[in-house]
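Structural features, examined
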Amino acid sequence: MSDSKSEPLDLFKVLLDEKVHVKLRGAREITGRLHAYDSHCNIVLSDAVETIYDTDANDQLISTQKKSEVIFVRGDSVILVSSPNDV
Amino acid sequence: MLFLSFFKTLVDREITVELKNGVEITGTLKTADQYFNLKLDNVKCKNEDKFPHLSSVKSIFLRGSTVRYVHLSKGDVDTNLLQDASRRGKLH
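To start, this report covers the structure provided alongside it.

Definitions and limits used
Residues numbered from 1 in each chain as written. Chains lettered and ligands numbered in written order. Predicted model: local features only at pLDDT ≥ 70, side-chain atom pairs only at ≥ 80, totals over all residues. Heavy atoms only, no water. Contact = heavy atoms within 4.5 Å. Buried area = accessible area lost by both parts, 1.4 Å probe. Salt bridge = Lys/Arg side-chain N within 4 Å of Asp/Glu carboxyl O. Helix = DSSP H or I, 4+ residues; strand = E, 2+ residues; numbered from the N terminus. Pairing = 2+ DSSP bridges. Axes fitted to C-alpha atoms, helices over the stretch in contact; angles between N-to-C directions. Core = buried A, V, L, I, M, F, W, Y, C linked by side-chain atoms within 4.5 Å. Buried < 20%, exposed > 50% of the residue type's maximum accessible area, 1.4 Å probe, protein only. Arc of directions from axis to C-beta. Polar contact = N/O pair within 3.5 Å; in protein donor to acceptor, adjacent residues only side chain to side chain. 1 Å grid on protein atoms, 1.4 Å probe; cavity = no way out; pocket = protein on both sides within 12 Å on 5 of 7 lines; lining within 4 Å. Points joined across faces, edges and corners; volume = space filled by probe spheres on them. Nonpolar A, V, L, I, M, F, W, Y, C, P; charged D, E, K, R; others polar.

A few words on the interface of chain A and chain B. Across the boundary between the two partners, chain A contributes 27 residues, which contact 27 residues of chain B. Where chain A abuts chain B, roughly 2,300 Å² becomes buried across the two surfaces, and 57% of that area is made up of carbon and sulfur atoms. Of all residues in chain A, Val-70, Phe-72 and Arg-74 of chain A give up the largest surface area on contact with chain B, accounting jointly for 29% of the area buried on that side. Remark: the boundary between chain A and chain B carries 4 salt bridges. A salt bridge links Lys-66 of chain A to Glu-24 of chain B, with the nearest nitrogen and oxygen atoms 3.6 Å apart. Of all the elements in the fold, those that place two or more residues in the side of chain A that touches chain B are β2 (28-37), β3 (43-55) and β4 (61-73) of chain A. With 7 residues, the single largest contributor to the side of chain A that touches chain B is β4 of chain A.

Below is the structure:
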């Protein structure tokens, strides 16, 4: 509102060096600290925790977590990026 | 080309690439291009029990579009440099 020529990607600039929450294709989510991004939504996160959602044989939701020191995420998998405080 | 420069800094480092089909390949990065096509040497499939067909592969070319993640070591990445480059908005 304050900036007349603001763009959607400006959000990334605000979130640099902050914890972010990224929703990805394939029922995956990652939280981590944002260090880099570009216009394709390619991103680099540190201290990342990936959560993968799946269902077991009884159709119960199960989630598995994987940790990564630094992770590059290819932009074509990204659905949304938000601040974890907004969730 | 922020991320192309980024990948060039990772040449000769060991990285783990996770593909969209679930295959995870660890190897030494040899080259990267604008499409994030990657060439790895000394490759080892991390989940060889699930994907045994890669067990004898030593060197591999990966099409950039098949990549989901690239896992890196903290020591190989200068996060401040990345943030400065992103803020400057080189090629956004």
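Strand order across the open sheet formed by 10 strands is β5(A)-β1(A)-β2(A)-β3(A)-β4(A)-β5(B)-β1(B)-β2(B)-β3(B)-β4(B), with antiparallel pairing between neighbours. In this open sheet, the two edge strands, each paired with only one partner strand, are β5 (78-82) of chain A together with β4 (60-62) of chain B. Adjacent strand axes in the sheet meet at a mean angle of 40° when their direction is disregarded. Lying on the sheet, helix α2 (residues 79-88) of chain B is in contact with β2 and β3 of chain A; it crosses β2 of chain A at an angle near 80°.

Despite not being glycine, Asp-17 of chain A shows a phi value in the positive range, around 65°. Positive phi, normally seen in glycine, also occurs at Asn-42 of chain B, with a value near 50°. In this fold, Asn-42 of chain B is placed in strand β3 (residues 38-45).

This paragraph deals with the nonpolar core. For soluble globular proteins, nonpolar side chains are generally found buried alongside one another. Among the nonpolar cores identified, the biggest contains 31 residues, and Phe-7, Val-17, Ile-25, Leu-40 and Val-70 of chain B are the most heavily contacted of them. Looking at this core, the elements with two or more residues in it are β4 of chain A together with α1 (2-9), β1 (14-19), β2 (24-32), β3, β4, β5 (67-72) and α2 of chain B. With residues up to four places along the chain from it excluded, the contact list for Val-17 of chain B reads Val-23, Glu-24, Ile-25, Leu-38, Leu-40, Leu-62, Val-67, Tyr-69 and Val-70 of chain B. Counting residues in each nonpolar core, the second largest holds 17 residues, with Phe-12, Val-20, Leu-24 and Val-78 of chain A among its members.

What follows concerns α2 of chain B. Among all positions in α2 of chain B, only Leu-82, Gln-83, Ala-85 and Ser-86 of chain B are buried. All buried residues of α2 of chain B project into a common sector of 165° when viewed along the axis, lining one side. Those residues of α2 of chain B that are exposed and angled more than 90 degrees off the buried face are Asn-80, Leu-81 and Arg-88 of chain B. On its buried side, α2 of chain B packs onto β2 and β3 of chain A together with α1 of chain B. Its side-chain oxygen placed 3.2 Å from the backbone nitrogen of Asn-80 of chain B, Asp-78 of chain B serves as the N-cap of α2 of chain B. Directly beyond the C-terminal end of α2 of chain B, a positive phi value near 65° is found at Gly-89 of chain B.

Tallied over the entire structure, the rule returns 1 cavity of 30 Å³ or more. The computed volume of the largest cavity comes to approximately 40 Å³. Lining the largest cavity are Ala-48, Val-49, Glu-50, Lys-66, Lys-67, Ser-68 and Ile-71 of chain A together with His-71 of chain B. Of all the secondary-structure elements, those providing two or more residues to the lining of the largest cavity are β3 and β4 of chain A. Sort the elements by how many residues they give to the lining of the largest cavity and β4 of chain A lands first, with 4 residues. Taken together, the residues of the lining of the largest cavity break down into 3 nonpolar, 2 polar and 3 charged.

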